[in-house]
Amino acid sequence: MIEYIGLLRHAKLRARLRSAYERMASLFPMNEQLWLDWVNDELEQVHSEEDIERIQHIFQQATQDYLSTNIWSQYLGFVAELDPAVRGRTPAGVGKMRELCEAALTAAGLHATEGGKLWSQYREFELGLLESGGQGLEKQAEKVRSIFQRQLQVPLADHKETMEAYKAWEAQQGKSVPPHVVKAAEKAAEAFTLRLPYEQAVSADRPADAALLAAYLSYIKLEQAQKDPARVQVVYERAVTCFPVTAELWAQYTKYLEYNLKVPSVVNAVYARATRNCYWVGSLWAAALRALDRFGAPKQELDAKCKAALSSGMQTVEDYMDVLLAHLDALRHRTACPSSPSADGASSMNSSAAGAVAPEELRAAFGEASATLAAYWPTYQDRLLRLPSYQAHCELHVLKDHAAARKVWEDTLKSGLGRYYETWLAYANMERGLRNLREARNVFKRAYSRRLEEGGQPLVCAEWLHFEREEGSAEDLHHASIKVDPVMEEAAAAAAAA
């Protein structure tokens, strides 16, 4: 795709080039250079306000993939120079530019070495409004002063130049820098000095290798120790920009946000980017589903996320299992009885913000999960019995249907999993846990004579004896011994002859 875009650029096929960029952006995250190339190609054919709006939309898209102070800086410059309302300094235009500048500072204003230029652009815009005269000059001067003072509180590389510029500006106003601002600026300068070795270790001229990743992780630890989530987030953003397909880094980043920032829109947005970059990693998709679940997303959104994960090109059966179990967990949470207490004593979430899930929908989801695994991995056997044991649990404790739970195990025994003793034992243990001892005993009676794979027959015989010792009478144990002794003797003889 990138080579195709290069050929279209060289041939100057504008319409096809735009379509290629749009297709690329819809499928994959794009780096800074690709976005700026697209913007520059569009700038060569600006003829109307519609073209200007389209380029602003491209800039907005560009800010979503990775953190780039260059993109934000060019975005601010473009809007300031070419947006008619901003250039004309209408109330709507001024409000738009201020909102955009604040968004730029939120995203990248804490970048220790590059964030200063965004502050400068914001300040220059406000200074331009002040110098243009008109009413409200005192109020406008306070806006300029506020930006200076806010910037001086942030550990930035250009703190000395900013202080000098602020002193000169205040002198023009006939004032001096307030002592509390000087003190805050000194503290920020000390904070930058603390970070300077870390900044040098992650400088832009260093190759994206293991040493650079280790340097970023050290920097992240430093910021975590300072307990400023916003600064931690900025360093994480810089790290994933350099290492966009390092799944472990995205996993650390999203966990940090979930545990510390706890803002649903931010957490979900970063998970969306993580799965866009590392689309083959099932654990990231599963974590994204669990975050949506925890934040009360509707069933439709959960279903859409699960569908996207299953069609993303994950690599292993465990990836699919992670996603399917996370989806089933979310549906179970929405199927639970409203009065059922959760582990912390709170009422289980179901029909509140997230919307209720009907029992038939939960059962259908289990069926679809099994069908999905069979379609993608036709020879796979879930020896850990994660799906059937979970479905039986839901039938028993969520839907309160013992017959349906028993049917889950009967159907499982008829599948390939019926060849393994673990399946029979799980079925018997379910009945035993419900104190249905006769039914549990019947499962053992059906299982003991079967030629189960991987030496399962003597194992299930041993489990039957164990069951009778703990639950049955002396006669029950005697009867079981009569049945299983020949089987166990035969197995012992075969082992001795081997």
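Position numbers for residues start from 1 in each chain and track the written sequence from start to end. Where local features are concerned, this predicted model is filtered to residues with pLDDT of at least 70; where side-chain atom pairs are given and counted, the filter is 80 or more; whole-chain, interface and lining totals use all residues. No hydrogens and no water enter the side-chain calculation; it runs on all heavy atoms of the structure.

Student: Would you mind showing me how to read the overall build of the protein chain here?
Tutor: Check the secondary structure of the protein chain and you find 25 helices and zero strands. In this description the radius of gyration comes from C-alpha coordinates, and the expected globular size is given by 2.2 Å times residues to the power 0.38. For 498 residues, the compact-globule estimate of 2.2 N^0.38 gives 23 Å, and the C-alpha radius of gyration of the protein chain, at 32 Å, exceeds that figure by more than 25%. Burial here depends on accessible area, computed with a 1.4 Å probe over protein chains only, as a share of the maximum for the residue type. Under 20% is buried, over 50% is exposed, and the range in between is partly exposed. Within the span of the protein chain, comprising 498 residues, buried residues form 45% of the whole. Contacts in the protein chain between residues far apart in sequence, at least 24 positions, make up 58% of those at least 6 positions apart. Numbering of helices and strands runs from the N terminus; a helix is a DSSP stretch of H or I covering at least four residues, while a strand is a stretch of E covering at least two. Here a residue-residue contact requires only that any non-hydrogen atoms of the pair lie within 4.5 Å.

Student: Teacher, can you tell me more about helix H17 (residues 299-310) here?
Tutor: Since the α-helix packs 3.6 residues into each turn, any two residues three or four apart lie on the same face. For a helix, the expected span equals 1.5 Å multiplied by the number of residues minus one. Helix length check: H17, at twelve residues, gives a terminal C-alpha distance of 16 Å against a target of 16 Å (1.5 Å per residue), a fit within 8%. Within H17 the residues assigned to the buried category are Lys-299, Leu-302, Lys-305, Cys-306, Ala-309 and Leu-310. Buried residues in H17, looked at end-on, bunch into an arc of 135 degrees, giving them a common side. Across H17 from its buried face, at more than 90 degrees, point the exposed residues Gln-300 and Lys-307. Tucked into the core, H17 has its buried residues touching helix H15 (264-277), helix H16 (282-294), helix H18 (317-335) and helix H19 (359-376). The directions from the helix axis to the C-beta atoms form the arc being described.

Student: Can you walk me through empty space enclosed by the protein in this structure?
Tutor: Where empty space is left can be seen by rolling a probe of water-molecule size over the atoms. Definitions used for this entry: grid spacing 1 Å over protein atoms alone; cavity, a set of points where a 1.4 Å probe fits but cannot get out; pocket, an open set with protein on both sides within 12 Å along at least 5 of 7 lines; lining residue, one with an atom within 4 Å of a point. Grid points are joined across faces, edges and corners, and a volume is the space filled by probe spheres set on the points. Within the structure shown, the criterion is met by one cavity of 30 Å³ or more. Approximately 30 Å³ is the volume found for the largest cavity. Along its surface, the largest cavity is lined by Arg-14, Leu-17, Arg-18, Tyr-21, Asp-41, Glu-42 and Gln-45. Elements that contribute at least two residues to the lining of the largest cavity include exactly helix H2 (14-27) and helix H3 (32-43). The element contributing the most residues to the lining of the largest cavity is H2, with four residues.

Student: Sorry, what's going on with the pattern of salt bridges here?
Tutor: Opposite charge on two side chains permits them to pair, given that their charged atoms come into close proximity. When a carboxyl oxygen of Asp or Glu lies within 4 Å of a side-chain nitrogen of Lys or Arg, that pair is called a salt bridge. Tallying each qualifying case throughout the model produces 35 salt bridges. Between Arg-273 and Glu-237 there is a salt bridge, with the nearest N and O atoms lying 2.8 Å from each other. One end of the pair, Arg-273, is in helix H15; the other, Glu-237, is in helix H13 (residues 229-242), and 36 residues separate them in sequence. Look at Arg-273 and you get buried, because its relative accessible area is 14%. What makes Glu-237 buried here is its relative accessible area of 9%.

Student: Sorry, what's going on with helix H22 (residues 421-433) here?
Tutor: Between its first and last C-alpha, H22 extends 18 Å over 13 residues, near the 18 Å set by a 1.5 Å rise per residue. Those residues of H22 not exposed but buried are Tyr-421, Thr-423, Trp-424, Leu-425, Tyr-427, Ala-428, Met-430, Glu-431 and Arg-432. For H22, the secondary structure elements touched by its buried residues are helix H20 (386-397), helix H21 (402-414), helix H23 (437-447) and helix H24 (456-471). Residue Arg-435 follows H22 closely and has a positive phi angle near 65 degrees.

Student: Any chance you could explain a nonpolar patch on the surface here in plain terms?
Tutor: A contiguous nonpolar patch, built from Met-1, Tyr-4, Leu-27 and Phe-28 and spanning about 360 Å² of accessible area, is present on the exposed surface. The topology assignment puts Leu-27 in helix H2. Residue Leu-27 is classed as partly exposed on the basis of its relative accessible area, which comes to 38%. What goes into a patch is any residue over 30% in relative accessible area without a salt bridge, connected to like charges within 9 Å or, for nonpolar side chains (Val, Leu, Ile, Met, Phe, Trp, Tyr), within 5 Å. Computed with the Shrake-Rupley method and a 1.4 Å probe, the accessible areas treat only the protein chains shown as cover for residues.

Student: Explain the environment of Lys-117 to me, please; I cannot follow it from the model alone.
Tutor: Inspection of the secondary structure puts Lys-117 in helix H8 (residues 116-131). Take Lys-117: its relative accessible area is 30%, and that puts it in the partly exposed class. When sequence neighbours within four positions are dropped, the list of residues in contact with Lys-117 reads Thr-69, Asn-70 and Ser-73. Within the structure, Lys-117 has its side chain in polar contact with the side chain of Asn-70 (distance 2.6 Å). Here a polar contact is recorded for every N or O atom pair within 3.5 Å, except that within protein the pair must consist of a potential hydrogen donor and a potential acceptor, and residues adjacent in sequence are included only if both atoms are side-chain atoms.

Student: When you look at the packing of aromatic side chains in this model, what are you seeing that I'm missing?
Tutor: To describe a pair of aromatic rings, one takes the distance between the centres and the angle between the planes. Aromatic pairing here means that ring centres of Phe, Tyr or Trp (its six-membered ring) are within 6.5 Å. Orientation follows from the plane angle: under 30 degrees is stacked, over 60 is edge-to-face, and everything else is tilted. One pass over the structure, following the stated rule, counts 18 aromatic pairs. Here Phe-59 and Tyr-75 contribute two aromatic rings whose centre-to-centre distance is 5.2 Å and whose plane-to-plane angle is 5 degrees, an arrangement assigned as stacked. Note that Phe-59 is positioned in helix H4 (residues 49-65) and Tyr-75 in helix H5 (residues 69-82), a separation of 16 residues in sequence. The class of Phe-59 is buried, set by a relative accessible area of 2%. Taken together, the ring pairs in this structure connect Phe-59, Trp-72, Tyr-75 and Phe-78 into an aromatic cluster. Note that Arg-383 overlies the ring of Tyr-420, its terminal NZ or CZ placed 3.8 Å from the centroid. Over a ring means this: the NZ of a Lys or the CZ of an Arg is within 6 Å of the ring centre and within 35 degrees of the ring normal.

Student: What is the right way to read the packing of helix H14 (residues 247-261) against H15 from this model?
Tutor: When two helices pack together, you describe them by how their axes are tilted relative to each other and by the distance separating the axes. Orientation is described by lines fitted to C-alpha atoms, with helices fitted over the stretch in contact, and by angles between N-to-C directions that extend from 0 to 180 degrees. At a closest axis distance of 10 Å, the pairing of H14 and H15 adopts a crossing angle of 170 degrees. By the angle class used here, H14 and H15 are roughly antiparallel. Across from Trp-250, Tyr-253, Thr-254, Leu-257, Glu-258 and Leu-261 in H14, the residues of H15 making contact are Val-266, Val-267, Val-270, Tyr-271, Arg-273, Ala-274 and Asn-277. Under the scheme applied here, ten amino acids are nonpolar (Ala, Val, Leu, Ile, Met, Phe, Trp, Tyr, Cys and Pro), four are charged (Asp, Glu, Lys and Arg), and all others, including Gly, are polar. Within the contact of H14 with H15, the residues separate by chemical class into nine nonpolar, two polar and two charged. Each angle receives one of four descriptions, namely roughly parallel if under 35 degrees, roughly antiparallel if over 145, roughly perpendicular if within 65 to 115, and oblique otherwise.

Student: Got a minute to help me understand the side chain of Thr-254 in this structure?
Tutor: Tracing the chain through its elements places Thr-254 in helix H14. For Thr-254, a relative accessible area of 2% puts it in the buried group. With residues near it in sequence (within four places) discarded, Thr-254 still touches Val-270 and Tyr-271.

None of the figures reported here should be taken as evidence of function without further support.
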